[in-house]
Structure formats: structure tokens, C-alpha cells
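Close look at the chain arrangement
Now for the letters of each chain:
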Amino acid sequence: LDDLVNGNASEMAAAQATLVDITSSIQTVYSVTCGGSSSSGSDICKQINTAVSQAGVDIQSTDPADLVALGVKLLEEWQN
């Protein structure tokens, strides 16, 4: 998280690119794990739903800015 907010321009760009890749993978996990009603209440689904709500983005967005915003909220959620 530190490189996303306190790094130099190069570090911030690299951290954002990495976060976009990670968040894209999490979107896939979400669609497979949380798509059905039987697993939608699992801890991981709740954590992702909380992050999505806090980021104010669509879980299916492909916009890099949305993915970074969601990724930051996921990292914050998982640090708690």
C-alpha cells in the first residue's frame, strides 16, 4: 500500500499495474466462488463485497482506475 500512495512516480505506476493484475484475478475468484447463492455468504465473499461497496465500483469493471480503487480497498479490508 505504501508504494501506491507514498512512492515516487515509477514506484506508484508499478504498484498500480501489479494491483490491477491482482484485482483482475480476484474478480475471477469472486465470479466463481461468490456467484452462486450457496457460497455468497462465505467470508471471502463478504470481504470482497465490503471492499466493492467502499470503493464504489462495479465488481466486473475493467477500468484500471476502478481496479486500483478496488484493490486498495481489498488490501485495507484484509489488513484488518
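One can find the structure itself at the top, above this paragraph.
Figured I'd write up the structure that's included with this text.

What counts and how
- Residues numbered from 1 in each chain as written.
- Predicted model: local features only at pLDDT ≥ 70, side-chain atom pairs only at ≥ 80, totals over all residues.
- Heavy atoms only, no water.
- Helix = DSSP H or I, 4+ residues; strand = E, 2+ residues; numbered from the N terminus.
- Buried < 20%, exposed > 50% of the residue type's maximum accessible area, 1.4 Å probe, protein only.
- Contact = heavy atoms within 4.5 Å.
- Areas by Shrake-Rupley, 256 points an atom, 1.4 Å probe, with all protein chains shown as cover.
- Axes fitted to C-alpha atoms, helices over the stretch in contact; angles between N-to-C directions.
- Parallel < 35°, antiparallel > 145°, perpendicular 65-115°, else oblique.
- Left-handed = near helix turned anticlockwise from the far one by under 90°.
- Nonpolar A, V, L, I, M, F, W, Y, C, P; charged D, E, K, R; others polar.
- Salt bridge = Lys/Arg side-chain N within 4 Å of Asp/Glu carboxyl O.
- Expected span 1.5 Å × (residues − 1).
- Polar contact = N/O pair within 3.5 Å; in protein donor to acceptor, adjacent residues only side chain to side chain.

With that settled, consider the overall build of the chain. Counting secondary structure elements, the chain contains four helices and zero strands. Listed N to C, the secondary structure of the chain is α-α-α-α in terms of helices and strands. Put simply, the chain has 80 residues, and 29% of those count as buried. Put simply, 49% of the contacts in the chain that link residues at least 6 apart link residues at least 24 apart. Within the structure as shown, the chain displays about 4800 Å² of accessible surface, and the carbon and sulfur contribution to it stands at 51%.

Turning next to the packing of helix α2 (residues 9-33) against helix α3 (residues 43-55). One way to put it is that α2 packs onto α3 with a least axis distance of 10 Å and a crossing angle of 125°. Considering their axes alone, α2 and α3 lie oblique with respect to each other. By crossing handedness, the relation of α2 to α3 is classed as left-handed. On α3, the residues touching Ile26, Tyr30 and Thr33 of α2 are Ile44, Cys45, Ile48 and Asn49. Residues belonging to the contact of α2 with α3 are distributed by class as follows: five nonpolar, two polar and no charged.

Let us now look at the environment of Gln16. Residue position: Gln16 is located in helix α2. Exposure remark for Gln16: the relative accessible area of 33% places this residue in the partly exposed category. For the pair formed by Gln16 and Val72, sequence separation is 56 residues and the distance between their alpha carbons is 9.4 Å. Dropping the residues within four chain positions of it, Gln16 is found in contact with Leu4 and Val68.

So, on to the pattern of salt bridges. Under the counting rule described, the total for this entry stands at one salt bridge. The residue Lys73 makes a salt bridge to Glu76 at a minimum N-O spacing of 3.3 Å. On the criterion of helical spacing, the pair formed by Lys73 and Glu76 is a turn pair, its members being three residues apart in helix α4 (residues 64-79). Of the residues examined, Lys73 reaches a relative accessible area of 24% and is grouped as partly exposed.

The next point concerns α2. Taking 1.5 Å of rise per residue, the 25 residues of α2 would be expected to cover 36 Å, and the 35 Å separating its terminal C-alpha atoms lies within 8% of that figure. Listed in full, the buried residues belonging to α2 are Ala15, Leu19, Val20, Thr23, Ile26, Gln27 and Tyr30. One side-chain oxygen of the residue at the start of α2 lies 3.0 Å from the amide nitrogen of Ser10, identifying that residue as Asn8.

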